[in-house]
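Listed below, chain by chain, are the residues.
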Amino acid sequence: MERDPRGGAHSSTAAVQATNDDAATSKLSCVNKGYMKDDYVQLFVRKQIRRAPIINRGYYARWAVLRKLLLQFLNTQTDEKKQILSLGAGFDTNYFQLLDEGISPHLYVELDFKEVTSKKAAIIEHYSQLREKLGPDASISRDKGEIISNNYKLLPIDLRDTQKLDEMIIKTQLDPSLPTFIIAECVLIYLDPVSTKSIVSWASRSFSTAVFFLYEQIHPDDAFGEQMIRNLESRGCALLGINATPTLNSKKQLFLDQGWKRCVAWDMLRIYDEFIDTHERRRIERLELFDEFEEWHMMQEHYCVAYAINDDKGLFENFGFPKD
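What you are looking at is a predicted structure, and each value in this text was computed from that prediction instead of being measured. (Residues numbered from 1 in each chain as written. Predicted model: local features only at pLDDT ≥ 70, side-chain atom pairs only at ≥ 80, totals over all residues. Heavy atoms only, no water.)

**Concerning the packing of aromatic side chains**
Filter applied, for reference: Only Phe, Tyr and Trp rings take part, Trp by its six-membered ring, and two of them pair if their centres are within 6.5 Å. Stacked means planes under 30 degrees apart, edge-to-face means over 60, and tilted covers everything else. Only DSSP runs of H or I covering at least 4 residues are called helices, and only runs of E covering at least 2 are called strands; the numbering of each starts at the N terminus. Each residue is placed in one exposure class: buried if its accessible area under a 1.4 Å probe, protein chains only, is under 20% of its type's maximum, exposed if it is over 50%, and partly exposed if it falls in between. Whether a charge sits over a ring depends on NZ of Lys or CZ of Arg being within 6 Å of the ring centre and within 35 degrees of the ring normal.
Following the criterion strictly, the structure yields 24 aromatic pairs and no others. Between Y272 and W296, the ring centres sit 5.1 Å apart and the planes meet at 75°, which makes this aromatic pair edge-to-face. A residue pair is termed long-range when its members are at least 10 positions apart, and Y272 in helix α10 (residues 268-274) and W296 in helix α12 (residues 293-301) qualify at 24 residues. The burial state of Y272 is the same as that of W296; both residues are buried. Here R57 stacks its cationic end above the ring of W296, 5.7 Å away from the centre of that ring. Cation over ring: R270 sits above W266, and NZ or CZ is 3.7 Å from the ring centre.

Here it is as structure tokens:
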């Protein structure tokens, strides 16, 4: 358990880990409704739940912005191999989807608490359609919560321990000099601000040609934000970091203060309207009846994406959202 500096509220590690199950369930709800394609997420969900249209659309927007930026990174013109590092990866199936599409990176590394990685390792070992994609030399340990294969690694780690992160680089054979895409979706916001700064600083020091993708909540101080926080706290999931970075500008400053060279942050309403492809928006808006427009606008204004860039090799000049 960790105390929120405001007093009273606390964040349970087990409860935060349970948000991983919620995310997988939401993704499967979207897949079943035709929002996106994922042939593997159903293997990680014990009980299918049909989410409300506003939740489906919100999860789709989260998935779509990450995918579009990830494809920009993977399509960056360079002769060098590329790497992806996912912090708090949960039951994400991105690696297997990218592999099926023939666009997976040279190395894909996923990190999470051991309770999560042990479950993930067991599921991957159980299903041949996952296990066989790792190659004949893959080593899978449910007890350790670990998978080591040529192009995919899954390791248990407490992200707050940056010494362990340094050891992880060696163990996974991540190359700090190669272009690297780092993912943190609703992860750092659950940590205390000191730990978040430490992780962001570690990533900046470690990777000189990299993109750090952050998706999380903002605006805790208005009525919607206060209700959002109460809902999460009632489940033992206090957002320990939100008061340190409550706005788009403070998200950007977090990265710049910890050594990243540039950073852009947009809320999800702007991303949905201006970045997600128009034909895709039209397609998914026909999938379900939708009349929750006021709540949709408020919800999307309380989530954001920030991406920070280190670009020693000059690869990312055209990366990201449209320039203002």
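**Topic: the packing of helix α6 (residues 162-172) against helix α7 (residues 193-206)**
Counted only if it meets this: Angles here are taken between N-to-C directions and fall from 0 to 180 degrees, while the axes themselves are lines fitted to C-alpha atoms, restricted in helices to the stretch in contact. Handedness of a crossing follows from how the near helix is turned relative to the far one, being left-handed for an anticlockwise turn of less than a right angle and right-handed for a clockwise one. Any pair of residues with heavy atoms lying within 4.5 Å of one another is described as a contacting pair. We call Asp, Glu, Lys and Arg charged. Ala, Val, Leu, Ile, Met, Phe, Trp, Tyr, Cys and Pro are nonpolar, and the rest, Gly among them, are polar.
Contact geometry of α6 with α7 gives a least axis separation of 10 Å together with a crossing angle of 30°. Like other packed secondary-structure pairs, α6 and α7 cross with a definite hand, here right-handed. Residues T162, L165, D166, M168 and I169 of α6 touch α7, and the partners they reach there are S198, W202 and S206. Broken down by class, the residue content of the contact of α6 with α7 amounts to four nonpolar, three polar and one charged.

**Here we look at the environment of G314**
Locating G314 in the fold gives a position in the segment after β11 (303-311). For the pair G314 and T209, spaced 105 residues apart in sequence, the C-alpha separation works out to 8.2 Å.

**Regarding helix α4 (residues 114-126)**
Let me state the cut-off plainly: Each helix should span, by expectation, one fewer than its residue count multiplied by 1.5 Å.
Counted at 1.5 Å a residue, the expected span for α4 with its 13 residues is 18 Å, and the 18 Å between its end C-alpha atoms agrees. Residues V116, T117, S118, K120, A121, A122, I123 and I124 constitute the buried set of α4.

**Regarding the sheet that holds strand β5 (residues 139-141)**
Operational definition: When DSSP finds two or more bridges between two strands, those strands count as paired.
Taken together, the nine strands give an open sheet; going across it, the order is β5-β6-β7-β4-β3-β8-β9-β11-β10, and neighbouring strands pair in mixed fashion. Unpaired on one side and paired on the other, β5 and β10 (262-267) mark the two borders of the sheet. Each strand axis lies, on average, 15° off the axis of its neighbour in the sheet, ignoring direction. Its contacts with the sheet place α4 against β4 (107-112), β5, β6 (146-148) and β7 (152-156), and it is angled at close to 140° to β7.

**Thoughts on the state of the cysteines**
For the record, the criterion: The criterion for a disulfide is a pair of cysteine sulfur atoms lying within 2.5 Å.
For the coordinates displayed, the defined rule picks out zero disulfides. The closest cysteine sulfur to the non-disulfide-bonded C30 is located on C186, 14 Å from its own sulfur. Free cysteine: C263, not disulfide-bonded; nearest cysteine sulfur from C304 at 9.2 Å.

**Concerning α7**
Compared with an ideal rise of 1.5 Å per residue, which puts 14 residues at 20 Å, α7 spans 20 Å between its outermost C-alpha atoms and is within 8% of the ideal. Taken together, the buried positions of α7 are S195, T196, I199, V200, S201, W202, A203, S204 and S206. Buried residues along α7 sit against β3 (83-87), α6, β8 (180-185), β9 (209-217), α9 (248-257) and β11.

**Thoughts on the nonpolar core**
The condition that has to hold: Residues belong to a common nonpolar core when they are buried Ala, Val, Leu, Ile, Met, Phe, Trp, Tyr or Cys residues joined through side-chain atoms within 4.5 Å.
If you look at the biggest cluster of nonpolar residues, it comprises 72 residues, and the most contacted ones within it are L69 and F181. No other element matches helix α2 (residues 53-74), which puts 11 residues into this core. If near-sequence neighbours (up to four positions away) are discounted, F181 is found in contact with L66, L69, L70, F73, Q83, I84, L85, V211, F213 and F319. Counting residues in each nonpolar core, the second largest holds 32 residues, with F207, A210, F212 and C263 among its members.

**Observations concerning the confidence of the model for the chain**
Rules: pLDDT expresses, on a scale from 0 to 100, how confident the predictor is about each individual residue.
Scored by pLDDT, the chain comes out at a mean of 94, with 94% of its residues at no less than 70. Low confidence marks residues 1-9, where pLDDT is under 50. Its contacts with residues over four positions away, or in another chain, come to 24 contacts.

**Here we look at the side chain of D92**
To be explicit about the condition: Positive charge is attributed to Lys and Arg, negative charge to Asp and Glu, and no charge count is given to His or to the chain ends. Salt bridge, as used here: a side-chain nitrogen of Lys or Arg that lies within 4 Å of a carboxyl oxygen of Asp or Glu.
Of note, D92 is situated in the loop between β3 and α3 (94-100). Notably, D92 is buried but unbridged: the nearest opposite-charge side chain belongs to K27, and the N-O separation is 4.5 Å. In contact with D92, other than residues within four places in its own chain, are Y108, E110 and K120.

**Things to note about the side chain of T76**
Our working rule: In the analysis that follows, any N or O atom pair within 3.5 Å is treated as a polar contact, provided that within protein one partner can donate a hydrogen and the other can accept it, and provided that, for residues neighboring in sequence, both atoms belong to side chains.
Locating T76 in the fold gives a position in the loop between α2 and β3. Residue classification places T76 among the buried residues on the basis of a relative accessible area of 12%. Looking at T76, its side chain comes within polar contact range of the main-chain oxygen of F73, at 3.0 Å. With sequence-adjacent residues up to four places away left out, T76 is seen in contact with K82, L315 and F316.

**As for the environment of K144**
Structurally, K144 can be placed in the loop between β5 and β6. Note on K144: relative accessible area 52%, which makes it exposed. What K144 contacts, discounting residues up to four positions off in sequence, is K114, S118 and P156.

**Notes on the pattern of salt bridges**
Summed over the entire model, instances satisfying the criterion amount to 16 salt bridges. For D100, the salt bridge is made with K133, and the minimal N-O distance between the two is 2.8 Å. Of this pair, D100 sits in helix α3 while K133 sits in the loop between α5 (128-131) and β5; the two residues are 33 residues apart in sequence, bridging distant segments of the chain. Across the pair D158 and R160 runs a salt bridge whose closest N-O atoms are separated by 2.9 Å. Judged by relative accessible area, D158 falls into the partly exposed class, the value being 30%. By relative accessible area, R160 is classed as partly exposed at 28%.

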